[in-house]
Amino acid sequence: MNSYTIELDSVIEMTDEQFFQLCQKNQDLRFERNAKGDLIIMSPAGAETGNGNGRLTQKLFNWADRNQLGIPFDSSAGFNLPNGANCSPDASWIPIEKWNNLTPEQRTKFLPLCPDFLVELMSPDDSLLDTREKMKEYLENGMKLGWLIHPKNQQVELYRSGRDVEILDSPKTLSGEDVLPGFILDMTIIMDN
């Protein structure tokens, strides 16, 4: 997936509400915003990535429906991170307590928090360096567990709060550990796409 960054910090200061409205008025485009306020425009994912992301999201939603421990989100959900960045992970989840503490208005906009769990699924054209930086940014803003999945390389990078990054080669399954108790993802739905 190609992305383009437009540096806005010296030209315009866009509020969270203005960024939300920009996204709402241009729903055919995918936008993110970094902590400096730069606008990141991303192209749609290819079919293989879209299918893998859909299957991953489906499994996360099925797990969440069974246990009612929290609220899952697909790649269209936006988050306003504490550092000011606005991101949309490929799949994410927050505990039910965090959801219950949000106002009805907050629930209709980009959530003012970082997900406890999230996944970034690499597209063939994604920059590994940029995506790793994004994962580190999520950790710095409150993520407890994150998966950076590289289908092409058959690798997964595990990001955990307070721990070094762990790289797994050709894992058969991934565990939600204590963040998503009982969630096991069969990686064949992603890697053998």
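Each remark here, short or long, concerns the structure printed above.
Trainee: Which parts of the structure should I look at to understand the sheet that holds strand 8 (residues 117-121)?
Mentor: The strands that make up a sheet pair up through hydrogen bonds in the backbone, lying either parallel or antiparallel. Spatial strand order, 4-7-8-9-10-11: six strands in an open sheet with mixed pairing. Two strands in the sheet have a free side with no partner beyond their single neighbour: strand 4 (70-73) and strand 11 (166-169). Between one strand axis and the next, the sheet turns by 15° as a mean value, whatever way the strands run. Note: strand 4 against strand 7 (residues 91-95), four bridges, orientation antiparallel. If you follow Gly70 over to strand 7, its bridge partner there is Pro95. Helix 2 (residues 47-67) rests against strand 4, strand 7, strand 8 and strand 9 (145-150) of the sheet, and its axis sits at about 20° to strand 7.

Trainee: Explanation requested: helix 2 in the structure shown.
Mentor: The periodicity of an α-helix, 3.6 residues per turn, causes residues three or four places apart in sequence to face the same way. End to end, helix 2 covers 30 Å across 21 residues, agreeing with the expected 30 Å (1.5 Å per residue, within 8%). Buried within helix 2 are the following residues: Thr49, Gly52, Asn53, Leu56, Thr57, Leu60, Trp63 and Ala64. Buried positions in helix 2, seen along its axis, are confined to an arc of 130° and lie on one side of it. In helix 2, the exposed positions angled more than 90 degrees off the buried face are occupied by Ala47, Glu48, Asp65 and Arg66.

Trainee: Teacher, can you tell me more about helix 1 (residues 16-25) here?
Mentor: Where helix 1 is concerned, the buried positions are Phe19, Phe20 and Cys23. Within helix 1, the buried residues cover an arc of 100° as seen down the axis, which keeps them to one side. In this structure, the buried side of helix 1 is in contact with strand 2 (30-33), strand 3 (39-42) and strand 6 (86-87).

Trainee: Would you mind going over unusual backbone geometry with me for this structure?
Mentor: Leave glycine aside and you will find that most residues have negative phi; peptide bonds, for their part, are mostly trans. Look at Gln154: it is not a glycine, yet its phi comes out positive at around 60°. Since its relative accessible area comes to 26%, Gln154 is described here as partly exposed. The backbone of Glu177 sits at a positive phi, close to 50°, despite the residue not being glycine. By the secondary structure assignment, Glu177 is in the loop between strand 12 (173-175) and strand 13 (184-186).

Trainee: Hey, could you run me through the packing of aromatic side chains in this one?
Mentor: Across all of its chains, the model carries six aromatic pairs by this definition. Ring geometry for Phe73 and Phe79: centres 5.5 Å apart, planes at 85°, overall edge-to-face. Both residues of the pair, Phe73 and Phe79, count as buried. Aromatic side chains Phe73 and Trp99 sit 6.2 Å apart centroid to centroid with 50° between the ring planes, which places their arrangement in the tilted category. Highlighted residues: Phe73 in strand 4 and Trp99 in helix 3 (residues 96-100), separated in sequence by 26 residues. Phe73 sits in the buried class, given a relative accessible area of 11%. Judged by relative accessible area, Trp99 falls into the buried class, the value being 18%. An aromatic cluster is built from Trp63, Trp93, Phe117, Trp147 and Phe183, whose rings are joined through pairwise contacts.

Here is what the cut-offs are and how they apply
The numbers attached to residues start from 1 for each chain and follow its sequence in the written order. Per-residue local features of the predicted model are confined to residues with pLDDT of at least 70, and side-chain atom pairs are confined, for both listing and counting, to 80 or more; whole-chain, interface and lining totals are unaffected and use all residues. Hydrogens and waters are ignored; side-chain quantities use all the structure's heavy atoms. Two strands pair under a simple rule: DSSP has to find at least two bridges between them. Only runs of H or I of at least four residues qualify as helices and only runs of E of at least two qualify as strands under DSSP, and these elements are numbered from the N terminus. Lines fitted to the C-alpha atoms define the axes, with helices restricted to the stretch that makes contact. Angles between their N-to-C directions range from 0 to 180 degrees. Only heavy atoms enter the contact rule, under which two residues are in contact if any of them lie within 4.5 Å. A helix is expected to span 1.5 Å multiplied by its residue count minus one. Burial classes: relative accessible area under 20% of the type maximum marks a residue as buried, over 50% as exposed, and values in between as partly exposed (1.4 Å probe, protein chains only). When we speak of the arc, we mean the arc of directions from the helix axis to the C-beta atoms. Each aromatic pair joins two rings of Phe, Tyr and Trp (for Trp, the six-membered one) with centres within 6.5 Å, and gets the label stacked for planes under 30 degrees apart, edge-to-face for over 60, and tilted for any other angle.

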